[in-house]
Amino acid sequence: MDASAILPVLKKRLAFLSGGKDRRSGLILTIPLCSEQTSMDELSSTLDYLLSIPSDKCKARGFTVIVDGRKSQWNIVKTVVLMLQNVIPAEVSLVCVVKPDEFWDKKFTHFCFWKEKDRLGFEVILVSANKLTRYIEPCQLTDEFGGSLVYDHMDWLNKRLVFEKFTKESTSLLDELAVINGNERGNQQDKDRPPDFNFLPSFDPETVLQTGHELLSELQQRRFNGSEGGVSWSPMDDELLAQPQVMKLLDSLREQYTKYQEVCRQRSKRTQLEEIQQKVMQVVNWLEGPGTEQLRTQWGIGDSIRASQALQQKHEEIESQHSEWFAVYVELNQQIGALLNAGDEEDLVELKALQQQLSDVCYRQASQLEFRQNVLQSAHEFHGIAQDLSQQLDGLLGMLCADVAPADGAAIQQTLKHLEEKLKSVDGALQGLREKGQVLLEQISNQTSWSYGKDVTIENKENIDHIQSVMEDMQLRKQRCEDMVDVRRLKMLQMVQLFKCEEDAAQAVEWLGELLDALLKTHIRLGDDAQESKILLEKHRKFVDVAQSTYDYGRQLLQATVVLCQSLRCTTRSSGDTLPRLNRVWKQFTVTSEERVHRLEMASAFHTAAEKILKECPEHSEVSIDLETYEEVEAVGKSLLDRLTVPVVFPDGSEQFFGSPSDMASSAEHIRDKMKVVEVKKLEQQEVEQQQEEPETVSQDS
C-alpha cells in the first residue's frame, strides 16, 4: 500500500510511529484518540500502512502501543484495543492505555482488560500520562506524554511520499535501463539484428537521481543533526524508511545509468556514421550521375553576347545545384574530421576511405565547373568586345554618313578630333578582340581533356569558325571607316569658321542669361532715401544698355551663321535653337528690367514724400501738413510693399522673384519702419491740433 492511496486518511493522524522505542527496542505505536467519533475503518487502514513500513526484524521485537484515551470515551478505547487483536496480535507486546485523571472506573476497566487478557494475546495496562515513564524512557516519548522526542507528522508524511515516489520511479527505471542495456549488448553481438528504437526510459534518470540524493541527504541530516529545537530524533531511520535501500537504489541506478549513457553514446556514434555514409553516397552518386551529365551537354560558346549570357546563366544554375552538394560535402568533411579526431581505431580506416572518396569526386567536379566557367567567361568577354567594336564602327559610320552641319556648337567644333579618337578607339578594340579570340581558341583546343570520351570535334570546329569569322568581319568594316574618315576630314576644315560664329552666338546668349540672373538675384536694393533710389535707377539704365549691346552682338553673329550655313548647304540646329533662346532671354530681361524700373520709381516717390514730411515737420514744430500728404505716403508705401510680394511674370507664363525671401523681407522692413515714423509724426500733429482746439472751445463756451 502506498501513502498516496490513503493520503487524506494519513493526514488525520489517527496513528503514527514517532520513532521512539521501548526498553526492549521495540517500536512505539501511538493512537491519539480524540473527542470526535473515530472511524475504525480509517484507523485500520492507517495501522495496516504503518505496520508495512518496519522490517521483519524490527517487527519481531514487538510493538508497544500507546492508546491515548484522555479525550475519548471508554467504549471507543475498548473497541480500539480489541481491534488491535485483529490487526497486529502477534506483534503487540504491550498496550498502554493513557487514561484521564477522572471519570473512568479503574476497577471496572482493569477487570475488563484482565478478563480479556488470554483472548487478546497481549498485556493491557491503564496508566496516567505522567506515569508512562515507568514503561518507556522520557526521551522516547513525544511532548504530549511529557517526553522530549520531537515528531512532526506532516513532515514525516511528506518525506514518506517522497521516499515512496523515489522507490517506485527508481525501481521502474532500473528495469527499463536493464532491458535497454541488455538489448544493446545483443545488437552488438549480432550486427545483422535490427536495432530496437524503443530507446527512451519512462522517467528522466537525472531527475530521479537528483530526487534520491536530496532524499538521502535529508534523511542523513535529520538523523545526525537533529531537529531545529536541538533534540535528536530518527523517525525515518534504517528501520522505518530503509535508508540503506535508498543508497542501494542510488548505487544501482548510477551503475545502470552509466551503462545507459555509454549505450547512448555508442548508438549516437553508429547512427552518425551511418548517416555520414548515406550522405556521402548521395553526394557521390549525384556528382557522378546527374551533375556530370549536365556538364556533358554544355559545349557551345554562343554566337553573340546574349547567347553567351544565356549559357552563363545556365551554367550558374548548374553551379547552384552543385553548390548545394558542395555545402553538404563541407559539412560531411567537418563531421568526418571530428570523428577522426575522437573516433575509435576500428572506424578510422572506414572514415578515411569515405573522406578520400568524397574529396576526389568533389574536387574533380569543381575543377570541371571552373574550367567551363573560364571558357564561358572568355567567350562572354570576346562577344562583349565584338559587340562594343561593332557599336563603335556603327557610330563612326553614322557620323560619317550624316551631313556635316553645325548642330550643337562646341561639340561640332571638336568633331574632327572626335573622329580621330573614335578611329583610335576602334584600333584598340580590334586589337583586344584579336587577343581575346586567341585566348578563347586555346581554351577550346584544351576542352577535350574532360570530354568523358565524347567527340567534340564538330562543336569545336563550329566555335573556331565563328571566332575567326567575327575577327575578319571586324577588320573589313574598320578599313571602310578609315577611308570615309579621310573624306570627312577635308569638309570639317571648311566648317571651322561656322563653329566659331555659333560658339560666340551661344556665348552671347549665356552672357545675356547671366545679366538676367544678376538682375534678379543682386539688383534688389531700393535705396534708403530718395537720393539713393535715383542713383540706383541711373545705374540700372546703364546696366540695361550693356544688355542691349549684348543682344545686338548675338543677333549679328546668328545672321553670319545663317549665311555660312547657306554657303555650305547644311542646316544648323545650333543657330536654329540659339535664336529663339536669345529672343526668349531678351524678352525675360526686358520684363524684369521694366519691373525693376517701376519699383525704383515707386521707391523714389515714397522716399521723396516721406522725407518731405519729416523735413517740414520736425519735433516741436508748429508747421501743419495736410492729411492728404500723409495718406499719399501711406498709399505709395503700401503699393510698394504689395509690389515687392508680386513675382515677375515672363511671357511664357513662368514666374521669378527678385532675390531671396530674406532680401525682400529686409527691403520691406525698411519701408515699414519709415512708414511707422511718418505715422508717428501724423499722430503727433493730430495731438497738437487737438490741444490747440481745446482752448478755443473753452473760450467760446465761456
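In this text the structure is predicted, and so the values were computed from the model without any measurement.

The rules we used
- Residues numbered from 1 in each chain as written.
- Predicted model: local features only at pLDDT ≥ 70, side-chain atom pairs only at ≥ 80, totals over all residues.
- Heavy atoms only, no water.
- Helix = DSSP H or I, 4+ residues; strand = E, 2+ residues; numbered from the N terminus.
- Contact = heavy atoms within 4.5 Å.
- Areas by Shrake-Rupley, 256 points an atom, 1.4 Å probe, with all protein chains shown as cover.
- Buried < 20%, exposed > 50% of the residue type's maximum accessible area, 1.4 Å probe, protein only.
- Core = buried A, V, L, I, M, F, W, Y, C linked by side-chain atoms within 4.5 Å.
- Axes fitted to C-alpha atoms, helices over the stretch in contact; angles between N-to-C directions.
- Parallel < 35°, antiparallel > 145°, perpendicular 65-115°, else oblique.
- Left-handed = near helix turned anticlockwise from the far one by under 90°.
- Nonpolar A, V, L, I, M, F, W, Y, C, P; charged D, E, K, R; others polar.
- Pairing = 2+ DSSP bridges.
- pLDDT = per-residue confidence, 0-100.
- Salt bridge = Lys/Arg side-chain N within 4 Å of Asp/Glu carboxyl O.
- Phe/Tyr/Trp six-rings, centres within 6.5 Å; stacked < 30°, edge-to-face > 60°.

## Description of the overall build of the protein chain
Part 1 of the reasoning: Broken down by element type, the protein chain carries 20 helices and seven strands.
Part 2 of the reasoning: In the protein chain, once contacts between residues fewer than 6 apart in sequence are set aside, the share between residues at least 24 apart is 82%.
Part 3 of the reasoning: In the form shown here, the protein chain has an accessible surface area of approximately 38800 Å², with 51% of it arising from carbon and sulfur atoms.

## Section: the side chain of Arg 477
Part 1 of the reasoning: Tracing the backbone through its elements, the reader meets Arg 477 in helix 15 (residues 457–494).
Part 2 of the reasoning: Classification of Arg 477 by relative accessible area gives buried; the value is 16%.
Part 3 of the reasoning: Setting aside residues no more than four positions away along its own chain, Arg 477 makes contact with Ser 390, Leu 393 and Asp 394.

## A word on the side chain of Ser 378
Part 1 of the reasoning: Tracing the backbone through its elements, the reader meets Ser 378 in helix 12 (residues 345–401).
Part 2 of the reasoning: Aside from chain neighbours lying at most four places away, what touches Ser 378 is Lys 436, Val 439, Leu 440 and Gln 443.

## Overview of the nonpolar core
Part 1 of the reasoning: Ranked by internal contacts, the top residues of the largest apolar core, which has 41 residues, are Leu 512, Leu 526, Phe 589, Val 633, Leu 644 and Ile 671.
Part 2 of the reasoning: Dropping the residues within four chain positions of it, Leu 526 is found in contact with Ser 533, Leu 536, Arg 596, Arg 599, Leu 600, Ala 603, His 607, Leu 640, Leu 644 and Ile 671.
Part 3 of the reasoning: Counting 39 residues, the second largest nonpolar core, distinct from the first, contains Leu 43, Val 65, Val 87 and Val 124.

## Side note on the packing of helix 16 (residues 496–521) against helix 17 (residues 530–568)
Part 1 of the reasoning: Here helix 16 crosses helix 17 at 155°, and the two axes come no closer than 8 Å. When the interaxial angle is binned, helix 16 and helix 17 end up roughly antiparallel. At the point where helix 16 passes helix 17, the crossing takes the left-handed sense.
Part 2 of the reasoning: For the contact of helix 16 with helix 17, the class distribution of residues is 19 nonpolar, five polar and two charged.

## Looking at unusual backbone geometry
With glycine set apart, most residues show a phi of negative sign, and most peptide bonds adopt trans.
Part 1 of the reasoning: With a phi close to 60°, Arg 13 is a non-glycine residue in the positive phi region.
Part 2 of the reasoning: Take Arg 13: it is sitting in the loop between helix 1 (7–11) and strand 1 (16–21).
Part 3 of the reasoning: Since its relative accessible area comes to 28%, Arg 13 is described here as partly exposed.
Part 4 of the reasoning: Its identity as a non-glycine residue notwithstanding, Ser 25 has a phi of 70°, on the positive side.
Part 5 of the reasoning: Tracing the backbone shows Ser 25 in the loop between strand 1 and strand 2 (27–32).

## Quick notes on the sheet that holds strand 5 (residues 123–127)
The strands that make up a sheet pair up through hydrogen bonds in the backbone, lying either parallel or antiparallel.
Part 1 of the reasoning: Here we have five strands laid out as an open sheet, ordered 1-2-3-4-5, and mixed in their pairing. Across the chains shown, the open sheet's two edge strands, defined by having one partner strand only, are strand 1 and strand 5. With strand direction ignored, the average angle separating the axes of adjacent strands in the sheet is 25°.
Part 2 of the reasoning: Both strand 1 and strand 2 contribute to a ladder of three bridges, which runs antiparallel. Among the inter-strand pairings, Leu 17 is bridged to a residue of strand 2, identified as Leu 29.

## Concerning the pairing of strand 3 (residues 63–68)
Part 1 of the reasoning: Burial analysis of strand 3 places six of its six residues in the buried class, which makes it a mostly covered element.
Part 2 of the reasoning: The pairing of strand 2 with strand 3 spans six bridges and is classified as parallel. Considered in strand 3, the bridge of Leu 29 is made with Val 65.
Part 3 of the reasoning: Examined bridge by bridge, strand 3 and strand 4 (residues 92–98) share six bridges and lie parallel to one another. Within the sheet, the bridge partner assigned to Phe 63 lies in strand 4 and is Val 92.

## Examining the pairing of strand 1
Part 1 of the reasoning: For strand 1, the tally of buried residues reaches five of six residues, placing the bulk of the element in the interior.
Part 2 of the reasoning: As consecutive antiparallel partners, strand 1 and strand 2 are separated by five residues, and within that stretch Ser 25 has a phi angle of approximately 70°, a positive value.

## Re the confidence of the model for the protein chain
Part 1 of the reasoning: Across the protein chain, the average pLDDT comes to 78, with 83% of residues at 70 or higher.
Part 2 of the reasoning: The low-confidence segment residues 224–234, where pLDDT is below 50, has 20 contacts with residues more than four positions distant or belonging to other chains.
Part 3 of the reasoning: A low-confidence stretch, residues 452–456 (pLDDT under 50), is modelled with 10 contacts involving residues beyond four sequence positions or located in other chains.

## Some remarks on the environment of His 322
Part 1 of the reasoning: With respect to the helices and strands, His 322 occurs in helix 11 (residues 305–342).
Part 2 of the reasoning: Expressed as a C-alpha distance, the spacing of His 322 and Leu 287, which sit 35 residues apart in the sequence, is 7.7 Å.
Part 3 of the reasoning: Excluding its chain neighbours within four sequence positions, the residues that come into contact with His 322 are Trp 286, Leu 287, Gly 291, Gln 294, Gln 365 and Leu 369.

## Overview of the pattern of salt bridges
Part 1 of the reasoning: Tallying each qualifying case throughout the model produces 20 salt bridges.
Part 2 of the reasoning: For Asp 465, the salt bridge identified is with Lys 461, shortest N-O distance 3.1 Å. On the criterion of helical spacing, the pair formed by Asp 465 and Lys 461 is a turn pair, its members being four residues apart in helix 15.
Part 3 of the reasoning: The partly exposed category is assigned to Asp 465, whose relative accessible area is 37%.
Part 4 of the reasoning: The shortest N-O distance in the salt bridge between Arg 525 and Glu 532 comes to 2.3 Å.
Part 5 of the reasoning: Judged by its relative accessible area of 43%, Arg 525 falls in the partly exposed class.
Part 6 of the reasoning: Through salt bridges with shared partners, a single network forms among Asp 427, Lys 478 and Glu 482.

## Focus on the environment of Leu 396
Part 1 of the reasoning: Mapped onto the fold, Leu 396 is located in helix 12.
Part 2 of the reasoning: For Leu 396, a relative accessible area of 0% translates into the label buried.
Part 3 of the reasoning: A sequence separation of 89 residues divides Leu 396 from Val 485, and the C-alpha atoms of the two residues are 8.7 Å apart.
Part 4 of the reasoning: Setting aside residues up to four positions removed in sequence, Leu 396 forms contacts with Leu 419, Lys 422, Leu 423, Cys 481 and Val 485.

## Here we look at the packing of helix 2 (residues 40–51) against helix 4 (residues 74–87)
Part 1 of the reasoning: For the pair helix 2 and helix 4, the least separation of the axes is 11 Å and the interaxial angle reads 45°. Overall, the two elements helix 2 and helix 4 adopt an arrangement that is oblique. The interaxial crossing formed by helix 2 with helix 4 has right-handed handedness. Where helix 2 approaches helix 4, its residues Met 40, Leu 43, Ser 44, Leu 47, Asp 48 and Leu 51 are matched on the opposing element by Thr 79, Val 80, Met 83, Leu 84 and Val 87.
Part 2 of the reasoning: Taken together, the residues of the contact of helix 2 with helix 4 break down into eight nonpolar, two polar and one charged.

## Re the packing of aromatic side chains
Geometry of an aromatic ring pair is reported as the spacing of the ring centres plus the angle between the planes.
Part 1 of the reasoning: Enumeration over the complete set of coordinates arrives at six aromatic pairs.
Part 2 of the reasoning: Relative to Tyr 363, the ring of Tyr 329 lies with its centre 6.4 Å away and its plane at 75°, an arrangement referred to as edge-to-face. Residue Tyr 329 is found in helix 11, and its partner Tyr 363 is found in helix 12; the two are separated by 34 residues along the sequence.
Part 3 of the reasoning: The exposure class of Tyr 329 is buried, given its relative accessible area of 11%.
Part 4 of the reasoning: Residue Tyr 363 is classed as exposed on the basis of its relative accessible area, which comes to 56%.

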